[in-house]
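Overview (structure and organization)
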Amino acid sequence: MTRVETACYCLIASAFVLGGILLFSLGAQSQNNAYGELLIARDNFSLMTTITGSGDEALFVLDNASGRLYVYSLDVARKRLDLAGPPQDLRRVFAQAPGGEGGGGGGGGGGGR
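Position of D89 relative to the elements: it lies in strand β6 (residues 88–89). Among buried Asp, Glu, Lys and Arg side chains, D89 stands out as unpaired, with R92 the closest opposite charge at 4.0 Å. Residues in contact with D89, not counting those within four places in the same chain, are S66, G67 and R68.

See the structure below:
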């Protein structure tokens, strides 16, 4: 076996090892699942329940017409639904984000002569 053949076999073996590592790491990332059955979208409202960072359950209501987000905390034991804070204007929140001014897509048309 020549040096060139040995180098080729080593490169093929390393390609298989790197491919296996890639497949293993992609499999680990697929554990972050989003469940669409927790979301209800009707008319101008989207509703979603989720567990918050403190372990409580919350209801998020998005008014698509006004762009306001309402967050309600759920107390299942008392059968209560309380507004967790003032509604957030998402248009203002996204405009304040770095690189904000709202999405709009596509990059700017070039053409600067």
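This paragraph deals with the confidence of the model for the protein. Per-residue pLDDT for the protein averages 79, and the proportion of residues at 70 or more is 78%. By mean pLDDT, strand β1 (residues 39–42) is the weakest element of the protein at 83, and β6 is the strongest at 90. Within the model, the stretch residues 105–113 combines pLDDT values under 50 with 0 contacts to residues more than four positions away or in other chains.

A few words on the side chain of D63. Tracing the sequence through the fold places D63 in strand β3 (residues 57–63). Of the side chains with opposite charge, R68 lies nearest to the buried D63, which makes no salt bridge, at 7.0 Å. Within polar-contact distance, the side chain of D63 engages the side chain of S66 at 3.0 Å. D63 has contacts with N44, F45, R68 and Y70, leaving out every residue within four places of it along the chain.

It is worth spelling out unusual backbone geometry at this point. The backbone of D43 sits at a positive phi, close to 45 degrees, despite the residue not being glycine. Along the chain, D43 falls in the loop between β1 and β2 (45–51). Judged by its relative accessible area of 82%, D43 is exposed. Of note, the phi angle at K79 is positive, near 60 degrees, even though the residue is not glycine. By secondary structure assignment, the location of K79 is in the loop between β4 (68–75) and β5 (80–83). For K79, a relative accessible area of 77% puts it in the exposed group.

So, how was this worked out
- Residues numbered from 1 in each chain as written.
- Predicted model: local features only at pLDDT ≥ 70, side-chain atom pairs only at ≥ 80, totals over all residues.
- Heavy atoms only, no water.
- Helix = DSSP H or I, 4+ residues; strand = E, 2+ residues; numbered from the N terminus.
- Buried < 20%, exposed > 50% of the residue type's maximum accessible area, 1.4 Å probe, protein only.
- Lys, Arg positive; Asp, Glu negative; His and termini not counted.
- Salt bridge = Lys/Arg side-chain N within 4 Å of Asp/Glu carboxyl O.
- Contact = heavy atoms within 4.5 Å.
- pLDDT = per-residue confidence, 0-100.
- Polar contact = N/O pair within 3.5 Å; in protein donor to acceptor, adjacent residues only side chain to side chain.

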